Amino acid sequence: MNGVGTELPPWEELDALERELAQMSPDIRGEVHPLAVTEGAVLQLGEGSRILPGTVIEGNVRIGRDCKIGPNAYLRGYVSVGDGCIVGNAVELKNAKLGNRVFVSHLSYIGDSVLRDDINVGGGCIFSNFRHDAGEIRMPWQGELRRTGRNKLGCCIGSHARIGCKCVILPGRILAEGTQTDPGSVIR
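Okay, so let's go over this structure. Here the residue numbering is sequential within each chain, running from 1 through the sequence in written order. Given that this is a predicted model, residues contribute local features only at a pLDDT of at least 70 and side-chain atom pairs are listed and counted only at 80 or more, while totals for whole chains, interfaces and linings are drawn from all residues. In computing side-chain properties, one takes all heavy atoms of the structure into account and sets aside hydrogens as well as water.

## A closer look at the overall build of the chain
Alright, step 1. Per the secondary structure count, the chain includes one helix and 23 strands.
Alright, step 2. Taken over C-alpha atoms, the radius of gyration comes to 15 Å for the chain, in line with the 16 Å a tight globule of 188 residues would show.
Alright, step 3. Taken along the three principal axes of its C-alpha coordinates, the chain extends 45 × 35 × 30 Å.
Alright, step 4. Looking at the chain as a whole, 47% of its 188 residues are labelled buried.
Alright, step 5. When checking whether two residues touch, look at their non-hydrogen atoms; a contact exists if any pair is within 4.5 Å. By sequence separation, contacts in the chain at least 24 residues apart represent 28% of the contacts at least 6 residues apart.
Alright, step 6. Here the chain has roughly 8600 Å² of accessible surface; of this, 47% comes from carbon and sulfur atoms.
Alright, step 7. Within the chain, the 22 negative side-chain charges are centred at a point lying 4 Å from the centre of the 21 positive side-chain charges. What counts as a helix is a DSSP run of H or I of at least four residues, what counts as a strand is a run of E of at least two, and both are numbered from the N terminus. Based on C-alpha atoms, the radius of gyration is set beside the globule rule, defined as 2.2 Å times the residue count to the power 0.38. A 1.4 Å probe rolled over the protein chains alone gives each residue an accessible area, and that area as a share of the maximum for its type sets the label: buried under 20%, exposed over 50%, partly exposed in between. Using a 1.4 Å probe, accessible areas were evaluated by the Shrake-Rupley method; residue-level cover was limited to the displayed protein chains. Residues scored as positive are Lys and Arg, those scored as negative are Asp and Glu, and His as well as the terminal groups of each chain are ignored. To locate a charge, take atom NZ for lysine, CZ for arginine, CG for aspartate or CD for glutamate.

Given below as structure tokens:
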């Protein structure tokens with residue numbers, strides 16, 4: 001068992017998400033505020049979900065039911081947000097997959113990452129996705145450090161995690177189910 005609830009490596013999950021979203025037809029059942037900017041494609045917006053003013057969408061985005069996106073959120077690339085999520089003020093998601101009941105309420109960046117269900121991300125967190133030397137990111141998976149073929153890959157966080165305010169998670173990290181980080185932690 002890998003501690004994050006799936007047998008598919010996160011980098012392959014992100015590849016599969018991209019292929020899936022590229023094939024979707026729009027199904028909008030929620031509300032997009034007229035002051036939101038959609039330069040990409042909102043492919044799905046579930047019932048009870050709202051995209052608030054100032055939010056910018058540049059990419060292919062799927063949003064589940066009963067979500068609140070914004071104000072002033074930025075979603076780009078291929079993004080999937082599960083049911084009952086909050087992606088709040090000044091939050092940027094880039095090529096990210098969020099499960100159900102994920103709360104990223106303010107001032108955070110989540111790049112090329114997979115977050116499972118029931119996760120709270122404190123304000124001001126950075127889920128980094130790029131090495132300074134631009135090298136390939138490796139990720140521990142099923143007991144070994146694996147090559148991912150990517151130079152951009154963030155983290156994978158298991159269900160029921162609590163990430164403290166102002167945490168930084170370096171590229172290619174995995175946090176197991178139930179992880180709790182102290183505020184200001186750097187996960188190396």
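## Some words on the environment of E47
Alright, step 1. Summarising the element assignment, E47 is placed in the loop between β4 (41-45) and β5 (50-51).
Alright, step 2. For E47, a relative accessible area of 47% translates into the label partly exposed.
Alright, step 3. In this structure the C-alpha to C-alpha distance between E47 and S113, which are 66 residues apart in sequence, comes to 25 Å.
Alright, step 4. Sequence-distant contacts of E47, that is, excluding residues within four places in its chain, are made with R29, R65 and D66.

## Side note on the sheet that holds strand β9 (residues 86-89)
Alright, step 1. Pairing in this open sheet of seven strands is parallel, and the strands run β2-β5-β7-β9-β12-β15-β20 from one edge to the other. The sheet is open, and its two edges are formed by β2 (31-32) and β20 (162-163), each paired on a single side.
Alright, step 2. When DSSP finds at least two bridges between two strands, those strands are taken to pair. For strand β15 (residues 119-121) and β20, the ladder comprises two bridges, and the chain directions are parallel. Residue pairing across strands places N120 opposite R162, the latter belonging to β20.

## Overview of unusual backbone geometry
Alright, step 1. The amide bond that connects G70 to the next residue, P71, takes the cis arrangement and shows omega of 10 degrees.
Alright, step 2. Structurally, P71 is set in the loop between β7 (68-69) and β8 (74-81).
Alright, step 3. Here the phi dihedral of D118 falls at roughly 55 degrees; this positive angle occurs in a residue that is not glycine.
Alright, step 4. Among the structural elements, D118 can be located in the loop between β14 (114-115) and β15.

## A short note on the pattern of salt bridges
Alright, step 1. Each salt bridge in this description consists of a side-chain nitrogen of Lys or Arg and a carboxyl oxygen of Asp or Glu lying within 4 Å of one another. Under the definition given, this model contains 13 salt bridges.
Alright, step 2. Here E13 ties to K97 by a salt bridge, and the two come within 3.0 Å at their closest N and O atoms. Of the two residues, E13 is situated in helix α1 (residues 10-23) and K97 in strand β11 (residues 97-98); the sequence distance between them amounts to 84 residues.
Alright, step 3. Between D112 and R150 there is a salt bridge; the shortest N-O distance is 4.0 Å. Note that D112 is positioned in the loop between β13 (109-111) and β14 and R150 in the loop between β18 (144-147) and β19 (156-157), a separation of 38 residues in sequence.
Alright, step 4. For D112, a relative accessible area of 2% gives the class buried.
Alright, step 5. Looking at R150, the relative accessible area reads 16%, which means it is buried.
Alright, step 6. Several salt bridges share partner residues, and in doing so they unite D15, K94, D112 and R150 into one network.

## Some points on the pairing of β18
Across a regular strand the side chains alternate sides, sitting on one face of the sheet and then on the other.
Alright, step 1. Judged from the four bridges that link them, strand β17 (residues 138-141) and β18 form a sheet pairing that is antiparallel. Note that in β18 the partner of P140 across the bridge is L145.
Alright, step 2. Between β17 and β18, which pair antiparallel in sequence order, lie two residues; one of them, Q142, sits at a positive phi of approximately 50 degrees.

## Describing α1
Alright, step 1. Multiplying 1.5 Å by the helix residue count minus one yields the expected span of that helix. A rise of 1.5 Å per residue sets the reference length of α1, with its 14 residues, at 20 Å; its end C-alpha atoms lie 20 Å apart and thus fit the reference within 8%.
Alright, step 2. Among the residues of α1, P10, W11, E13, L14, L17 and L21 are the ones counted as buried. Mapping the buried residues of α1 onto a view down its axis gives an arc of 155 degrees, with all of them on the same face. Turned more than 90 degrees from where α1 packs its buried face, R19 and Q23 sit exposed. This arc describes the spread of directions from the helix axis toward the C-beta atoms.

## Here's the deal with the packing of aromatic side chains
Alright, step 1. Side-chain rings of Phe, Tyr and Trp (the six-membered ring for Trp) are treated as a pair once their centres are within 6.5 Å; stacked means planes under 30 degrees apart, edge-to-face means over 60, and tilted covers the remaining angles. Following the criterion strictly, the structure yields one aromatic pair and no others.
Alright, step 2. Only when the NZ of Lys or the CZ of Arg is both within 6 Å of the ring centre and within 35 degrees of the ring normal is a charge said to sit over the ring. Seen from the ring of F130, K152 lies directly overhead, with NZ or CZ sitting 5.5 Å from the centre.

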